[in-house]
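# Commentary on secondary and tertiary structure
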Amino acid sequence: MDLFSLTIHELRDMLEKGETTSRAITESVLNRIKAVDDKVKAYITVTGDAALSQADGADKARKAGKASAVLGIPIAIKDNMCTAGTRTTCASKILGNFIPPYDATVVTRLNGSGSVMPGKVNMDEFAMGSSTENSAFFATKNPWDLERIPGGSSGGSAAAVAAGECIAALGSDTGGSIRQPAACCGVVGLKPTYGRVSRYGLVAFASSLDQIGPLTKDVTDTAIVMNIITGHDPKDSTSADIPVPDFTMSLVKDVKGMTVGIPKEYFIEGMDPEVDKSVREAVKTLERLGAKVVDVSLPHTGYAVATYYILATSEASSNLARYDGVKYGFRAQGAKDLLDMYMKSRSQGFGPEVKRRIMLGTYALSAGYYDAYYKKGQQVRTLIKHDFDEAFKKVDIIATPTAPTAAFKIGEKSSDPLQMYLSDIFTISVNLAGIPGISLPCGFTTGNLPIGLQLLGRHFDEGSVLHAAYAYEQATEWHLKRPKI
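Since the model is a prediction, treat every value here as computed from it, not as a measurement. (Residues numbered from 1 in each chain as written. Predicted model: local features only at pLDDT ≥ 70, side-chain atom pairs only at ≥ 80, totals over all residues. Heavy atoms only, no water.)

## Observations regarding the overall build of the protein
Along the protein, the regular secondary structure elements total 15 helices and 11 strands. The C-alpha atoms of the protein give 21 Å as radius of gyration, which agrees with the globular expectation for 485 residues (23 Å, within 12%). For the protein, the spread of C-alpha atoms along the three principal axes comes to 65 × 55 × 45 Å. Within the protein, the fraction of its 485 residues that count as buried is 62%. (Helix = DSSP H or I, 4+ residues; strand = E, 2+ residues; numbered from the N terminus. Rg over C-alpha atoms; globule rule 2.2 N^0.38 Å. Buried < 20%, exposed > 50% of the residue type's maximum accessible area, 1.4 Å probe, protein only.)

This is the structure in structure tokens:
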């Protein structure tokens, strides 16, 4: 039995019984990284010595009577969350050598609970992408098929969890960047309600959409990590000051009395028939477990992708203006004057997708176009949120596919940005509305690629989402499958 292949809760039980140590678990994970990461390419930075030191500290803390669900558990961090003293690159040349002087709040909370950080994992540059091909360093591979993408932008997080290169990971989700890679890699990924998890120390892409969440091997582990990273943070003005439940109390095996809505707008032409079939089978399983299934409509879904790519790019244009080659990060050499230095630093430091989005956003915010694009986008966003509010008057949970297809081949959509953007067609509305959503495995294609089921809930009702996800997971065996690398 390889320790790296186990879940947080399995390892926690072994640690509590004295059957293993945090050092042994951490060594198992680090050896796994050495064995397979040259193929998977999940990690940008591996912090092996620091991880072993944290593991030894966790073992001492356990002997001294300290208890925590993640004490001594290796959890990887997406490389857009600040880690004091450890490089944080956002997979961009412009931050290639940036070492933050402080930790993100989620990192502080994990450290305070005694978890171990094996390293920082790859992503699309500044979280802009759906395939992790936009990293300035290298493309991450899908552990189920090394010729395919792991999803994005948290592709490194999802691939590392699926490949056993960590026990769990944190990702960020702006338009599907936790859920879509979770679906592609056959793991569980939760985007919490906007404001549930502090964004302090998360390098901003689109501040009204970004949210940090866990990627794990099963739903129980998701609830465990959520218990640690959630809660009000005065350092983040958008952090919600509302009580946080114990999410593990939502892990109930039946869904009697729960109503599940199926939105007709999410079962569309062009969707992979195998994805359609697996998701419909998953809904039938929920029905067998006691849920009532009803049809719902989310009529403004068709406008979500266009709305998202106006609002997200506008916020990106504003947020990324700070990378000017002056205060920190990459600075181009040989500039004639200040303006030339700005232009050279940004043109050499940012990759093509980031430049594309900055230009789109700058255009949408420019004088004469603001009302036609940005203001109109905010108005449509309100309509999309209203659709969900109306639907949740009738149902407790909404079930949809996570992505229209399984993982596609590396390079297949690189030349067509619009096709790439459509990979997030089922996830984007959730960020625009600010509601919680989870992706969990619900089947495989005939080519042995994972398929994801997405479950959505009301604002701050992650409990119902986890409840339905856990009941489905425990009635099936998809979450037990692991890729052979």
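What follows continues from the structure just given.
## Points about the sheet that holds strand S1 (residues 43-46)
The mixed open sheet is built from 11 strands, whose spatial order is S1-S3-S2-S4-S6-S5-S10-S11-S9-S7-S8. Unpaired on one side and paired on the other, S1 and strand S8 (292-296) mark the two borders of the sheet. Here the average twist between neighbouring strands, direction ignored, is 30°. In this structure, strand S2 (residues 75-78) lies alongside strand S3 (residues 119-121), joined through 2 bridges in parallel fashion. Looking across to S3, one finds that Ile-77 is bridged to Lys-120. The strands that helix H15 (residues 462-474) touches are strand S5 (188-191), strand S9 (397-401), strand S10 (437-444) and strand S11 (450-456); relative to S10, the one it contacts most, it runs at about 15°. (Pairing = 2+ DSSP bridges. Axes fitted to C-alpha atoms, helices over the stretch in contact; angles between N-to-C directions. Contact = heavy atoms within 4.5 Å.)

## Quick look at the nonpolar core
Counting 131 residues, the largest nonpolar core has Phe-126, Phe-388 and Leu-455 as the members making the most contacts within it. Setting aside its immediate chain neighbours within four residues, Phe-388 contacts Tyr-266, Leu-298, Ile-398, Ser-429, Ala-433, Ile-435 and Leu-456. Listed in part, the 5 residues of the second largest apolar core include Ile-149, Cys-184, Ala-407 and Phe-408. (Core = buried A, V, L, I, M, F, W, Y, C linked by side-chain atoms within 4.5 Å.)

## As for the pairing of S11
Across the 7 residues of S11, 7 count as buried, placing the element largely inside the fold. Burial of the side chains of S11 extends over both faces: Pro-450, Gly-452, Gln-454 and Leu-456 are buried on one face and Ile-451, Leu-453 and Leu-455 on the other. As defined by bridge partners, S9 adjoins S11 across 4 bridges and the pair is classed as antiparallel. Paired with Pro-401 across the two strands is Leu-453, which belongs to S11.

## Thoughts on the pattern of salt bridges
Side chains bearing opposite charge may pair, as long as their charged atoms lie close to each other. On inspection of all chains with the given rule, the structure shows 21 salt bridges. For Glu-147, the salt bridge is made with Lys-409, and the minimal N-O distance between the two is 3.8 Å. Note that Glu-147 is positioned in the loop between S3 and helix H5 (155-163) and Lys-409 in the loop between S9 and helix H13 (417-421), a separation of 262 residues in sequence. Taking the relative accessible area as the measure of exposure, Glu-147 reaches 52% and is therefore exposed. The salt bridge partner of Glu-353 is Arg-356, with a shortest N-O separation of 2.2 Å. Residue Glu-353 and its partner Arg-356 are both found in helix H11 (residues 352-365); the two are separated by 3 residues, about one turn of the helix. Shared partners join several salt bridges into a network, and the residues in it are Arg-23, Glu-27 and Asp-56. (Salt bridge = Lys/Arg side-chain N within 4 Å of Asp/Glu carboxyl O.)

Fair warning: the whole summary comes from geometry, so function is off the table for now.
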